Amino acid sequence: ITFDDVLFNSPRDIYGRGKSDKKHYSIGISYGEGIDNKFDSTRGIALYIQHVWDSGFGFQINLGAYGGGTEGIDYGYPDIDVTYVLPVIINYHFFSQDILTPFLGAGLSYGHYQSYKYISFAHYEEKTASGLAPLVNAGISVGANSPMQLTLDVKYFVNPAISKGNLLIGGISTSINW
C-alpha cells in the first residue's frame, strides 16, 4: 500500500474488492449573498466543477465572481468595492458516502480591492490592492452520492493587503453528479 493509495483510492480498490459506487464528479451552479453587515451589497455566482476521491479529498474550480461594496458616499467615510474571481478550493468531505456530507476546505482566489475616502469636493484618498487571496470554505451537502446534490456553504475570502476587504458569503448550490 502506497501513500497515493491511502490518499486517492478507496479501501475496496486497494484490497481488490472492486470499485466504489460513489459519484466522483460534479458540475453545478452556486449563488451566494453576504451574511455579515460589512457591505451594503454582497453577491456571488459561479459555475463550478468538482472532483471528490473515495478518500474524501476534493478539488473544486469555480468559474465565477464574488463581490461586495458600500453604496453610500459620505464625507470622511470610505466607499469600498471588493471582488474575488475564479476561486480554486481543496476540500475534505467527511462521511462522503452518507446522505449528509459536511466538508471543510481552503483555497486561493484572485482578489481586487478599491477604496475611496472622500475628504472634500474633488479631493479623495484612494487605496487599491490586487493579487492572490486565501479563502476558507465550509458547508454541508445533501445527496452527495446521488445524481443531484444540494449544498449549503460559507466562503470567507481574506484580503492579505487590507482587512476591510475580507468578504463572508453564504451560498446555496445545486449540481449534477456522476
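Our subject is the structure listed above.
Rules behind the numbers
- Residues numbered from 1 in each chain as written.
- Predicted model: local features only at pLDDT ≥ 70, side-chain atom pairs only at ≥ 80, totals over all residues.
- Heavy atoms only, no water.
- Buried < 20%, exposed > 50% of the residue type's maximum accessible area, 1.4 Å probe, protein only.
- Helix = DSSP H or I, 4+ residues; strand = E, 2+ residues; numbered from the N terminus.
- Pairing = 2+ DSSP bridges.
- Phe/Tyr/Trp six-rings, centres within 6.5 Å; stacked < 30°, edge-to-face > 60°.
- Salt bridge = Lys/Arg side-chain N within 4 Å of Asp/Glu carboxyl O.

A. Structural context of the pairing of strand S8 (residues 167–177). Alternating positions in S8 separate cleanly, Leu167, Ile169, Gly171, Ser173, Ser175 and Asn177 being buried on one face and Leu168, Gly170, Ile172, Thr174 and Ile176 remaining unburied on the opposite face. In this structure, strand S1 (residues 25–34) lies alongside S8, joined through nine bridges in antiparallel fashion. Residue pairing across strands places Ile27 opposite Ile176, the latter belonging to S8. Here strand S7 (residues 148–157) pairs with S8 via ten bridges, running antiparallel. Counterpart to Val154 in the pairing with S8 is Gly170.

B. Looking closely at the packing of aromatic side chains. Counted according to the given criterion, the structure contains five aromatic pairs. Arranged with centres 5.0 Å apart and planes meeting at 65 degrees, the rings of Phe57 and Tyr92 form a pair that is edge-to-face. Of this pair, Phe57 sits in strand S3 (residues 57–69) while Tyr92 is found in strand S4 (residues 78–93), placing the two residues 35 residues apart along the sequence. With a centroid separation of 5.4 Å and 35 degrees between ring planes, the pair formed by Tyr66 and Phe157 is classed as tilted. On the criterion of sequence distance, the pair formed by Tyr66 in strand S3 and Phe157 in strand S7 is long-range, its members being 91 residues apart. Taken individually, Tyr66 and Phe157 each receive the classification buried, so the pair is uniform in this respect. Connected via pairs of aromatic rings, a cluster forms that spans Phe57, Tyr92 and Phe94.

C. Just the environment of Ala46, in detail. If you trace the backbone, Ala46 turns up in strand S2 (residues 41–52). Taking relative accessible area as the criterion, Ala46 reaches 3% and is therefore assigned buried. Linking Ala46 and Tyr31, residues 15 residues apart in sequence, is a C-alpha distance of 6.7 Å.

D. Summary view of the pattern of salt bridges. Taken as a whole and assessed by the stated rule, the structure comprises two salt bridges. With a shortest N-O distance of 2.7 Å, Asp153 and Lys155 are connected by a salt bridge. Given the relative accessible area of 4%, Lys155 is considered buried.

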